[in-house]
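Structural features, examined
Each chain, written out:
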Amino acid sequence: MNGQVRKEIQDALETLNKATIDEKEEIKRIMQNRFSHAWELFNEQKGRVREKVAQGQEMITERFNQIDHKVQENPWPYMGIAAASAFVLGLLLRDHHNSR
């Protein structure tokens, strides 16, 4: 009897081992498919992000060139703004320094 029980236990362990191997392969296949899909989505989004960054850089460059052109055509208003800003900043810093 002891030999028969041992054989049944051994058969059950072999069956369990085979089922585990099959399940492991199935889980591995599912994960690879999902990972592959996620990787495709990531690469697709990465391309879109690069495109948007390039568009943003182009817009900034255009705007900078427009401002540069306006300043070169008529620099006096911009110099006045810079001087007024510096004056106000100086007043604020002086008041802050004197309040200590």
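These numbers come from a predicted model, not from an experiment. (Residues numbered from 1 in each chain as written. Predicted model: local features only at pLDDT ≥ 70, side-chain atom pairs only at ≥ 80, totals over all residues. Heavy atoms only, no water.)

**Quick notes on the overall build of the protein**
Looking only at helices and strands, the protein features 2 helices and 0 strands. A compact globule built from 100 residues should have a C-alpha radius of gyration of about 13 Å, whereas the protein, at 36 Å, is more than 25% larger. Overall, the C-alpha framework of the protein stretches about 105 × 45 × 10 Å when taken along its three principal axes. In the protein, which comprises 100 residues, the share counted as buried stands at 0%. Taken as a whole, the protein presents about 9700 Å² of accessible surface, with 61% of it coming from carbon and sulfur. (Helix = DSSP H or I, 4+ residues; strand = E, 2+ residues; numbered from the N terminus. Rg over C-alpha atoms; globule rule 2.2 N^0.38 Å. Buried < 20%, exposed > 50% of the residue type's maximum accessible area, 1.4 Å probe, protein only. Areas by Shrake-Rupley, 256 points an atom, 1.4 Å probe, with all protein chains shown as cover.)

**Focus: a nonpolar patch on the surface**
On the surface, a nonpolar cluster with roughly 380 Å² of combined accessible area is contributed by Val-5, Ile-9, Leu-13 and Leu-16. If you trace the backbone, Leu-13 turns up in helix H1 (residues 2-73). Taking the relative accessible area as the measure of exposure, Leu-13 reaches 52% and is therefore exposed. (Patch = residues over 30% accessible without salt bridge, like charges linked within 9 Å, V, L, I, M, F, W, Y side chains within 5 Å. Salt bridge = Lys/Arg side-chain N within 4 Å of Asp/Glu carboxyl O.)

**Here we look at the pattern of salt bridges**
By the definition in use, this model includes 1 salt bridge. For Arg-48, the salt bridge is made with Glu-44, and the minimal N-O distance between the two is 3.1 Å. Placement of the pair is Arg-48 and Glu-44 together in helix H1, with a separation of 4 residues, close to one helical turn.

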